[in-house]
Amino acid sequence: DTTVKQNPRYKLARVGKPVNLICSQTMNHDTMYWYQKKPNQAPKLLLFYYDKILNREADTFEKFQSSRPNNSFCSLYIGSAGLEYSAMYLCASSRPGLGGRAEQFFGPGTRLTVL
Amino acid sequence: GEQVEQLPSILRVQEGSSASINCSYEDSASNYFPWYKQEPGENPKLIIDIRSNMERKQIQELIVLLDKKAKRFSLHITDTQPGDSAMYFCAAHTGYQNFYFGKGTSLTVIP
(Lines give C-alpha, C1' and ligand atoms only; values in the text may rest on other atoms or scores of the structure.)
Protein backbone atom coordinates (compact mmCIF):
# COMPACT_ATOMS: atom_id res chain seq x y z
CA ASP A 1 0.00 0.00 0.00
CA THR A 2 1.73 3.15 -1.24
CA THR A 3 -0.88 5.57 -0.01
CA VAL A 4 -0.78 8.27 2.58
CA LYS A 5 -4.07 8.73 4.38
CA GLN A 6 -5.37 11.89 5.97
CA ASN A 7 -8.30 12.45 8.29
CA PRO A 8 -10.55 14.23 8.16
CA ARG A 9 -10.75 15.31 4.50
CA TYR A 10 -12.72 18.42 5.46
CA LYS A 11 -12.64 20.26 8.75
CA LEU A 12 -14.67 23.21 9.93
CA ALA A 13 -13.37 25.04 12.97
CA ARG A 14 -14.29 28.12 14.96
CA VAL A 15 -11.84 30.92 15.58
CA GLY A 16 -9.96 30.30 18.79
CA LYS A 17 -10.70 26.57 18.89
CA PRO A 18 -8.11 23.82 18.57
CA VAL A 19 -7.72 21.69 15.45
CA ASN A 20 -6.09 18.28 15.18
CA LEU A 21 -5.34 16.71 11.80
CA ILE A 22 -4.20 13.12 11.36
CA CYS A 23 -1.93 11.50 8.79
CA SER A 24 -0.92 7.86 8.42
CA GLN A 25 1.20 5.71 6.12
CA THR A 26 2.14 2.06 6.15
CA MET A 27 5.21 2.27 3.91
CA ASN A 28 7.56 2.41 6.89
CA HIS A 29 8.81 5.80 5.75
CA ASP A 30 11.12 7.47 8.22
CA THR A 31 10.13 11.04 7.39
CA MET A 32 6.68 12.62 7.48
CA TYR A 33 5.90 16.19 6.45
CA TRP A 34 3.11 18.70 6.84
CA TYR A 35 2.52 21.41 4.24
CA GLN A 36 0.05 24.26 4.14
CA LYS A 37 -1.38 25.05 0.70
CA LYS A 38 -3.38 28.17 -0.02
CA PRO A 39 -4.87 29.04 -3.41
CA ASN A 40 -2.31 30.37 -5.88
CA GLN A 41 0.51 29.75 -3.45
CA ALA A 42 3.20 27.10 -3.24
CA PRO A 43 2.83 24.34 -0.70
CA LYS A 44 4.58 25.71 2.37
CA LEU A 45 6.56 23.32 4.52
CA LEU A 46 5.39 23.68 8.12
CA LEU A 47 7.32 20.93 9.83
CA PHE A 48 8.60 17.41 9.39
CA TYR A 49 9.48 14.43 11.53
CA TYR A 50 12.59 12.47 10.77
CA ASP A 51 12.01 9.36 12.84
CA LYS A 52 11.19 10.83 16.24
CA ILE A 53 12.90 14.18 15.66
CA LEU A 54 10.61 17.10 14.98
CA ASN A 55 11.86 19.93 12.79
CA ARG A 56 9.73 23.07 12.51
CA GLU A 57 10.21 25.95 10.14
CA ALA A 58 11.26 29.17 11.86
CA ASP A 59 8.24 31.21 10.80
CA THR A 60 5.71 28.58 11.84
CA PHE A 61 7.45 27.48 15.00
CA GLU A 62 4.88 28.81 17.41
CA LYS A 63 1.76 28.23 15.34
CA PHE A 64 1.82 24.50 14.78
CA GLN A 65 2.53 21.50 16.96
CA SER A 66 2.94 17.91 15.93
CA SER A 67 3.32 14.49 17.40
CA ARG A 68 4.40 11.15 16.00
CA PRO A 69 3.50 8.39 18.44
CA ASN A 70 4.79 5.72 16.07
CA ASN A 71 6.30 5.40 12.61
CA SER A 72 2.92 5.27 10.89
CA PHE A 73 1.10 8.25 12.39
CA CYS A 74 1.72 11.96 12.49
CA SER A 75 -0.60 14.69 13.69
CA LEU A 76 -0.75 18.42 13.11
CA TYR A 77 -2.16 20.46 15.95
CA ILE A 78 -3.31 24.06 15.98
CA GLY A 79 -3.92 25.28 19.50
CA SER A 80 -6.09 28.26 18.61
CA ALA A 81 -7.25 28.53 15.03
CA GLY A 82 -7.33 31.90 13.34
CA LEU A 83 -8.96 32.86 10.06
CA GLU A 84 -5.54 32.79 8.41
CA TYR A 85 -5.28 29.06 9.06
CA SER A 86 -7.92 28.29 6.47
CA ALA A 87 -6.07 26.26 3.85
CA MET A 88 -5.43 22.80 2.48
CA TYR A 89 -3.08 20.82 4.69
CA LEU A 90 -1.04 18.20 2.88
CA CYS A 91 0.77 15.38 4.58
CA ALA A 92 3.61 13.56 2.85
CA SER A 93 6.08 10.85 3.69
CA SER A 94 9.40 9.78 2.26
CA ARG A 95 12.41 7.60 2.78
CA PRO A 96 15.83 7.74 1.17
CA GLY A 97 15.95 6.12 -2.23
CA LEU A 98 18.71 5.08 -4.59
CA GLY A 99 21.31 7.78 -5.18
CA GLY A 100 19.87 9.96 -2.43
CA ARG A 101 16.57 10.41 -4.19
CA ALA A 102 13.84 10.90 -1.61
CA GLU A 103 10.50 10.51 -3.32
CA GLN A 104 7.62 12.02 -1.45
CA PHE A 105 4.20 10.47 -1.38
CA PHE A 106 1.37 12.86 -0.67
CA GLY A 107 -1.93 12.34 1.04
CA PRO A 108 -5.19 13.73 -0.37
CA GLY A 109 -5.12 16.69 1.99
CA THR A 110 -7.42 18.09 4.64
CA ARG A 111 -9.28 21.23 3.75
CA LEU A 112 -9.56 23.35 6.88
CA THR A 113 -12.02 26.22 7.00
CA VAL A 114 -11.93 28.49 10.01
CA LEU A 115 -15.02 30.59 10.69
CA GLY B 1 14.37 28.43 3.98
CA GLU B 2 15.01 27.88 0.29
CA GLN B 3 13.08 30.03 -2.20
CA VAL B 4 11.87 28.41 -5.40
CA GLU B 5 10.46 30.58 -8.15
CA GLN B 6 8.28 28.95 -10.80
CA LEU B 7 7.09 30.50 -14.04
CA PRO B 8 4.74 30.83 -15.73
CA SER B 9 1.85 30.53 -13.32
CA ILE B 10 -0.60 29.91 -16.17
CA LEU B 11 0.21 28.14 -19.44
CA ARG B 12 -2.10 27.34 -22.33
CA VAL B 13 -0.86 25.34 -25.30
CA GLN B 14 -2.34 23.63 -28.35
CA GLU B 15 -2.55 19.87 -28.32
CA GLY B 16 0.55 18.39 -29.88
CA SER B 17 2.79 21.35 -29.10
CA SER B 18 5.37 21.57 -26.33
CA ALA B 19 4.96 23.11 -22.90
CA SER B 20 7.83 24.44 -20.81
CA ILE B 21 7.91 25.36 -17.14
CA ASN B 22 10.91 27.02 -15.55
CA CYS B 23 12.07 27.07 -11.95
CA SER B 24 14.95 28.70 -10.16
CA TYR B 25 16.34 28.18 -6.69
CA GLU B 26 18.69 29.99 -4.35
CA ASP B 27 20.42 27.41 -2.21
CA SER B 28 23.42 25.91 -4.00
CA ALA B 29 23.18 22.96 -1.61
CA SER B 30 19.95 21.83 -3.27
CA ASN B 31 20.67 18.47 -4.83
CA TYR B 32 17.39 16.90 -5.89
CA PHE B 33 14.64 18.44 -8.01
CA PRO B 34 11.32 16.62 -8.32
CA TRP B 35 8.34 17.64 -10.41
CA TYR B 36 4.79 16.96 -9.29
CA LYS B 37 1.54 16.85 -11.22
CA GLN B 38 -1.65 17.59 -9.36
CA GLU B 39 -5.01 16.98 -10.97
CA PRO B 40 -8.20 18.49 -9.54
CA GLY B 41 -9.21 16.77 -6.33
CA GLU B 42 -6.06 14.67 -6.30
CA ASN B 43 -2.86 14.85 -4.31
CA PRO B 44 0.41 15.86 -5.96
CA LYS B 45 2.14 12.95 -7.65
CA LEU B 46 5.79 12.70 -8.64
CA ILE B 47 6.17 12.51 -12.41
CA ILE B 48 9.89 13.00 -12.97
CA ASP B 49 12.93 14.12 -11.02
CA ILE B 50 16.56 14.97 -11.54
CA ARG B 51 19.55 14.90 -9.27
CA SER B 52 22.34 17.45 -9.16
CA ASN B 53 24.80 15.09 -10.86
CA MET B 54 22.70 15.14 -14.03
CA GLU B 55 21.92 17.82 -16.60
CA ARG B 56 19.14 16.13 -18.50
CA LYS B 57 16.63 13.38 -17.94
CA GLN B 58 13.82 12.12 -20.12
CA ILE B 59 10.90 9.84 -19.39
CA GLN B 60 8.72 9.41 -22.46
CA GLU B 61 7.35 12.87 -23.29
CA LEU B 62 8.79 14.51 -20.15
CA ILE B 63 12.21 16.16 -20.24
CA VAL B 64 13.85 17.89 -17.31
CA LEU B 65 16.94 20.05 -17.60
CA LEU B 66 19.16 21.25 -14.79
CA ASP B 67 21.64 24.12 -14.94
CA LYS B 68 23.44 24.13 -11.62
CA LYS B 69 25.52 27.19 -12.38
CA ALA B 70 22.45 29.27 -13.10
CA LYS B 71 20.43 27.46 -10.38
CA ARG B 72 17.66 26.76 -12.83
CA PHE B 73 15.75 23.68 -13.81
CA SER B 74 12.93 23.17 -16.22
CA LEU B 75 10.25 20.74 -17.29
CA HIS B 76 9.39 20.26 -20.94
CA ILE B 77 6.38 18.29 -22.05
CA THR B 78 6.60 17.37 -25.71
CA ASP B 79 3.56 16.45 -27.83
CA THR B 80 1.11 17.61 -25.16
CA GLN B 81 -2.24 15.88 -24.78
CA PRO B 82 -5.42 17.03 -23.02
CA GLY B 83 -4.60 14.59 -20.23
CA ASP B 84 -1.52 16.68 -19.46
CA SER B 85 -3.78 19.50 -18.27
CA ALA B 86 -3.12 19.89 -14.55
CA MET B 87 -1.22 21.90 -11.98
CA TYR B 88 2.52 21.29 -12.00
CA PHE B 89 4.85 22.01 -9.10
CA CYS B 90 8.61 22.04 -9.07
CA ALA B 91 10.54 21.53 -5.86
CA ALA B 92 14.08 21.78 -4.60
CA HIS B 93 15.38 19.38 -2.04
CA THR B 94 17.99 20.81 0.29
CA GLY B 95 19.59 18.03 2.17
CA TYR B 96 17.86 14.93 3.31
CA GLN B 97 14.46 16.11 4.40
CA ASN B 98 13.73 19.65 3.30
CA PHE B 99 11.52 20.16 0.26
CA TYR B 100 10.59 23.62 -1.00
CA PHE B 101 8.00 24.09 -3.70
CA GLY B 102 7.36 26.59 -6.44
CA LYS B 103 3.94 28.23 -6.62
CA GLY B 104 2.76 25.99 -9.38
CA THR B 105 1.87 26.25 -13.05
CA SER B 106 -1.64 25.66 -14.27
CA LEU B 107 -1.29 23.96 -17.65
CA THR B 108 -4.21 23.74 -20.04
CA VAL B 109 -3.84 21.77 -23.26
CA ILE B 110 -6.35 22.94 -25.82
CA PRO B 111 -7.67 20.19 -28.13
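That block above? That's the structure.
Residues numbered from 1 in each chain as written. Chains lettered and ligands numbered in written order. Predicted model: local features only at pLDDT ≥ 70, side-chain atom pairs only at ≥ 80, totals over all residues. Heavy atoms only, no water.

We now examine the nonpolar core. Membership of the largest hydrophobic core comes to 40 residues, with the highest contact counts inside it found for A:Y35, B:W35, B:Y36, B:F73, B:L75, B:F101 and B:L107. When residues in this core are grouped by element, the largest group, six residues, is from strand β9 (residues 86–94) of chain B. Excluding residues within four positions of it along the chain, B:L107 makes contact with B:L11, B:V13, B:A19, B:I77, B:D84, B:S85, B:A86 and B:Y88. A:A13, A:C23, A:A81 and A:Y85 belong to the second largest nonpolar core, which has 22 residues in total. (Core = buried A, V, L, I, M, F, W, Y, C linked by side-chain atoms within 4.5 Å. Buried < 20%, exposed > 50% of the residue type's maximum accessible area, 1.4 Å probe, protein only. Helix = DSSP H or I, 4+ residues; strand = E, 2+ residues; numbered from the N terminus. Contact = heavy atoms within 4.5 Å.)

Residue and element names in this part refer to chain A. Here we have four strands laid out as an open sheet, ordered β1-β3-β8-β7, and antiparallel in their pairing. Every other strand in the sheet has two partners, leaving β1 (4–7) and β7 (65–70) as the edge strands with one partner each. Ignoring strand direction, the axes of neighbouring strands in this sheet form an average angle of 20°. Two elements, β7 and strand β8 (residues 73–78), share four bridges in a ladder whose sense is antiparallel. Opposite N70, over in β8, you have F73 as the bridge partner. (Pairing = 2+ DSSP bridges. Axes fitted to C-alpha atoms, helices over the stretch in contact; angles between N-to-C directions.)

Here, the word disulfide means a covalent bond between the sulfur atoms of two cysteines. All names here are of chain A. On inspection of all chains with the given rule, the structure shows two disulfides over all chains. The disulfide bridge from C23 ends at C91, spanning 1.9 Å between sulfur atoms. Since a negative S-S torsion denotes a left-handed disulfide, the C23-C91 link at about -80° is left-handed. Placement of C23 in strand β3 (residues 19–25) and of C91 in strand β9 (residues 87–94) is noted, with a sequence separation of 68 residues between them. With relative accessibility at 1%, the residue C23 sits in the buried group. (Disulfide = S-S within 2.5 Å.)

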